[in-house]
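# Geometric and topological summary
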Amino acid sequence: MRVENIYFALTEAFNREAQTVALASGQAVVFYRIAIMSKDGDWVIRESPEACERVLRELERRGARYRIGAPLDVRWLAGGWSSHFEFFDASQRRVRCDFVSRPPRVPPASLVALFEGARDRALVAVDPESLILMKRTQRAKDYAVIGELATLLSPEREIELTTDPDRVLALAPAVGAASRRPAVQAAWSGAGRRVVVTRLAEEADDLQQQDAARLAMYEEAARSYIEACRAGALTDLPLRDAHARLCEAAERSLPTHVAQESRRADVE
Amino acid sequence: MQMLSEDDRNLKEMTTAELARAWDLWFDLAQATNDSDRPYTHGVFAAISAAGVEAGRVRSRSPDIAESKPSR
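A brief report on the enclosed structure follows. Each residue is numbered by its place in its chain's sequence as written, counting from 1. Chains and ligands are labelled by the order in which they are written, letters from A for the one and numbers from 1 for the other. Reporting in this predicted model follows two pLDDT cut-offs: at least 70 for local features of residues, and 80 or more for side-chain atom pairs to be given and counted; totals over whole chains, interfaces and linings ignore these cut-offs and use all residues. As a rule here, side-chain values cover all heavy atoms of the structure and leave hydrogens and water aside.

Next up on the list: the side chain of R96 of chain A. Put simply, DSSP marks the helices as runs of H or I at least four residues long and the strands as runs of E at least two long, and each gets a number from the N terminus on. The topology assignment puts R96 of chain A in strand β5 (residues 94-100). Throughout, a residue-residue contact means that at least one pair of heavy atoms, one from each residue, lies within 4.5 Å. In this structure R96 of chain A touches Y7, D40, G41, R67, F85 and E86 of chain A together with R38 and P39 of chain B, once residues within four positions along its chain are discounted.

Structure, rendered in structure tokens:
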């Protein structure tokens, strides 16, 4: 029996009829052969009712259930909400599937290019630069991965995004002159390695704090909705029933957009 | 400062099948920590604690397997 990565197989299944999803986060790191990691599958889903239906259909076929999260519906996906599912494979291994259509910090134009560029490929992953932006999370461990992903970029882009001080120092003489990034400016000006390290650490901490604040807003906005999901044990229901009930609960108590994210989307 | 050793970096030299087998083995072993995993690693619910979603714990199983607790 052919051994496969279940999340790669799911990606191909979701994309069988049309371009529907792109691998993101940890499984994209595996796709780019950076590391063996990620027990969960994360995808950027095309923001359309048809894409949602294709994903729901495949998940239903595999016996998946919802985990508490937004319904897989463009009304909430468009507001940056995430949808979460889980099932167990034939070997009783836990398979978790998470979806967003508007990953944080990624310009909408990049998402358009992602799906337009995918053409007929079934196994598609978010491009490295968008992946790096997604990984600027509140989790410290994501920043080491960013450093590895940045090596996939051109020198001009790597120096703007890497978290590796040695790479900043190595690239600065050739491509650091015009950068406004504090760590690069420090390297370019000859301020020394310690200053470069400090500027990178400050940048990472700022990004972590920003993401934590963003998530706190969503958590607050979802409070009533989560309680309704728990009270109704909605995630115990079969997928389609759960989807309908989650939509009803979300219509009552989950705002489609969170204020800060709406403003950010308008700016972009 | 490298996150990965040279052995780790050998992933690029693996065939597609080798990579799949390596990841599948890792996934198999990683099941051991399921009970202690955070409820969410990504998405906007990542800040919610395990207690906050306890009532929503999924009890789905593979359609081909009878209702039973996983051996892991």
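Let us look at the pattern of salt bridges. All names here are of chain A. Criterion for a salt bridge: a side-chain nitrogen of Lys or Arg within 4 Å of a carboxyl oxygen of Asp or Glu. Counted by the stated rule, this structure contains 28 salt bridges over all chains. The partner of R61 in a salt bridge is E58, with the nearest N and O atoms 2.8 Å apart. Residue R61 and its partner E58 are located together in helix α3 (residues 49-61), separated by three residues, close to a single helical turn. Relative accessible area decides the class of each residue, using a 1.4 Å probe on protein chains only: under 20% of the type maximum gives buried, over 50% gives exposed, and in between gives partly exposed. By relative accessible area, which is 55% here, R61 ends up exposed. Taken together, the shared-partner salt bridges in this structure form one network comprising E17, E53, R57, E60 and R240.

Our focus in this paragraph is the pairing of strand β1 (residues 21-24) of chain A. Looking down a regular strand, the side chains alternate between one sheet face and the other. Residues and elements named next belong to chain A. A two-sided burial pattern is seen for β1, the buried positions comprising V21 and L23 on one face and A22 and A24 on the other. Across four bridges, β1 lies against strand β2 (residues 40-45) in antiparallel orientation. When the bridges of β2 are listed, A24 appears paired with D42. Only strands that DSSP links by at least two bridges are regarded as paired with each other.

This part is about the side chain of H243 of chain A. Structurally, the position occupied by H243 of chain A is in helix α13 (residues 239-253). A relative accessible area of 15% means that H243 of chain A is categorised as buried.

Looking now at the packing of aromatic side chains. Two rings belonging to Phe, Tyr or Trp (six-membered ring only in the last case) form a pair when the distance between their centres is within 6.5 Å. Interplanar angles under 30 degrees mark stacking, angles over 60 mark edge-to-face geometry, and anything in between is tilted. If you walk through the whole model with that rule in mind, you get 15 aromatic pairs over all chains. Arranged with centres 5.7 Å apart and planes meeting at 70°, the rings of F14 of chain A and F99 of chain A form a pair that is edge-to-face. Of the two residues, F14 of chain A sits in helix α1 (residues 6-14) while F99 of chain A sits in strand β5, which places them 85 residues apart along the sequence. Of the two residues, F14 of chain A and F99 of chain A, neither departs from the other in class, the shared state being buried. Here the aromatic cluster, defined as three or more aromatic residues joined through ring pairs, consists of Y7, F14, W43, Y66, F85 and F99 of chain A together with W23, W26 and F27 of chain B.

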